[in-house]
Amino acid sequence: MARLICRLGSALLILSVFLTGCAPKPTPHEQRFVAMDTYMHFTVYGDSSAAVQAQEEVQQLDQLLSVTDESSEVYAVNHRAAQTCDLSPELTALLEQALILARQTQGAFDPTVYPVVRAWGFTTERYQVPEQEELDRLLPLVDHTAPLLNENSLALPPDMQLDFGGIAKGWAGDRAAQLLRGKGVTSAILRLGGNIHTIGTKPDGSLWNIGIDDPDSDDALGTVAVSDLAVVTSGSYQRFFTSNGQTYHHIIDPATGRPAASGLTSVTVVGKYGARCDALSTALFVMGLEDAARFWREHRDFEAVFISEDGSVSVTAGLEDSFTLSPSQNRKLEVLT
Ligand code: ADP
Ligand code: MG
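Residues numbered from 1 in each chain as written. Chains lettered and ligands numbered in written order. Predicted model: local features only at pLDDT ≥ 70, side-chain atom pairs only at ≥ 80, totals over all residues. Heavy atoms only, no water.

(A) Fine view of the site of ligand 1. In the neighbourhood of ligand 1, 17 residues make up the surrounding shell, with Asp-163, Ser-234, His-250, Ile-252 and Thr-282 lying closest. Ala-108 is positioned with one of its backbone polar atoms (N or O) 2.9 Å from a nitrogen atom of ligand 1. One nitrogen or oxygen atom from the side chain of Lys-169 is found 2.9 Å from an oxygen atom belonging to ligand 1. Contact with the protein chains covers 93% of the free accessible surface of ligand 1, which is 560 Å². (Near = heavy atom within 4 Å. Polar contact = N/O pair within 3.5 Å; in protein donor to acceptor, adjacent residues only side chain to side chain. Areas by Shrake-Rupley, 256 points an atom, 1.4 Å probe, with all protein chains shown as cover.)

(B) A look at the coordination of the magnesium ion (ligand 2). For the magnesium ion (ligand 2), the full set of protein donor atoms is Gly-166 (O), Asp-278 (O), Asp-278 (OD) and Thr-282 (OG1), at a range of 2.1 to 2.7 Å. Positions of the donor residues of the magnesium ion (ligand 2) along the chain correspond to the pattern G-x111-D-x3-T. Taken together, the positions of Gly-166 in the loop between β5 (153-155) and α7 (168-182) and Thr-282 in helix α8 (residues 274-287) put the pair 116 residues apart, joining distant regions of the chain. (Donors = N, O, S within 2.8 Å, 3.2 Å for Na, K, Ca; no water. Helix = DSSP H or I, 4+ residues; strand = E, 2+ residues; numbered from the N terminus.)

(C) Spotlight on the pairing of strand β17 (residues 313-316). Here β17 shows no split at all, with Val-313 and Val-315 on one side and Ser-314 and Thr-316 on the other all buried. Here strand β16 (residues 302-308) pairs with β17 via three bridges, running antiparallel. Across the sheet, the residue bridging to Phe-306 is Ser-314, located in β17. Taking the residues between adjacent antiparallel strands as the criterion, β16 and β17 are bridged by four residues, where Gly-311 takes a positive phi near 95 degrees. In this structure, β17 lies alongside strand β19 (residues 333-336), joined through four bridges in parallel fashion. What sits directly across from Val-315, in β19, is Val-335. (Buried < 20%, exposed > 50% of the residue type's maximum accessible area, 1.4 Å probe, protein only. Pairing = 2+ DSSP bridges.)

(D) Expanded view of the pattern of salt bridges. Counted according to the given criterion, the structure contains ten salt bridges. The shortest N-O distance in the salt bridge between Asp-37 and Arg-239 comes to 2.9 Å. Linking Asp-37 in the loop between β1 (28-35) and β2 (38-45) with Arg-239 in the loop between β10 (230-235) and β11 (240-243), this pair joins segments that are 202 residues apart in sequence. For Arg-294, the salt bridge goes to Glu-290, with nearest N and O atoms at 3.9 Å. Taken as a pair, Arg-294 and Glu-290 lie in helix α9 (residues 289-299) at a separation of four residues, close to a single helical turn. (Salt bridge = Lys/Arg side-chain N within 4 Å of Asp/Glu carboxyl O.)

(E) Structural detail: the sheet that holds β17. Across the sheet, which stays open at both edges, the nine strands sit in the order β1-β2-β6-β7-β10-β15-β16-β17-β19 with mixed pairing between neighbours. Looking at the sheet topology across the chains shown, the edges are occupied by β1 and β19. Averaged over all adjacent pairs, the angle separating strand axes in this sheet is 10 degrees, with direction ignored. Lying on the sheet, helix α2 (residues 48-65) is in contact with β1, β2 and β6 (187-192); it crosses β1 at an angle near 15 degrees. On top of the sheet, α7 reaches β2, β6 and β7 (195-200); it is set at about 20 degrees to β7, its chief contact. (Axes fitted to C-alpha atoms, helices over the stretch in contact; angles between N-to-C directions. Contact = heavy atoms within 4.5 Å.)

As structure tokens, then:
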């Protein structure tokens, strides 16, 4: 009898697959949590324990990388007593990546920018506009060529401090995605604040449509359709404060120690590796459209959407077909070639 019911059940399942033309939809598992100072939301199809492990992975990295948590490894490095310190394999790998990206972007992305970021109060939310004398005193401490990494031993000049705020979410997204893929997950979307990481396609095989914020309103500017890629945005509208009617945002130009005034309000980078996309979104924002476009032409291993202060939008050639401007948007759109 039991066997008959079982047979009937599978016959009905086959019939329903035949009638609807598709297999039963895998169950989405949602993880919502706060880490790295932002909201995170993972949707993983199929494997609930993998979703929980991906969250744990990100929380562990947060504990390692926080500049404010006194028990983090980065805090220990930034408050070191000696000139050299031994790093964990994890932090060694991240710092190596960060220094490579700093070199490639000629310091537009610079993980030694922390003394200046702290002076503006961006990590503590005790915002203030530093005096020029203070910035002049701190700027010599910002120099990505100074940290000397020998295997896992790091030598840093006195008072130099590290900040992975511009790369950590991308790195964490890569780690979470790697863990999920290793567990056989073929469909997931990970949202780490402004960083999106996609694994495979949606369960029905279609691309993920990732919204890009309009810096000037609550609407979406547009979408990019992707699979298996990271989509990372850095924008001056994401974290800022106002003082005496002036707005100050959190993307610092390491050359001046002040919020980058490059004519851009948002940069979205689309590519395979979240850490690279994250650092590049910060760096290209600092560079401004012209230098950023030159950087893209030299590298071509990522694509980007730039929004300028005058409202115009520029997308790199590889996104011409996958980027769609929202119908409500009346903006000039240029394709960079
Ligand atoms: P978000 O953290 O909002 O996603 P970003 O990825 O652009 O934005 O990173 C900004 C953070 O990175 C800042 O809060 C600061 O901690 C750090 N940062 C700011 N300017 C730079 C820079 N030029 N290079 C490296 N890190 C930076
Ligand atoms: Mg970034």
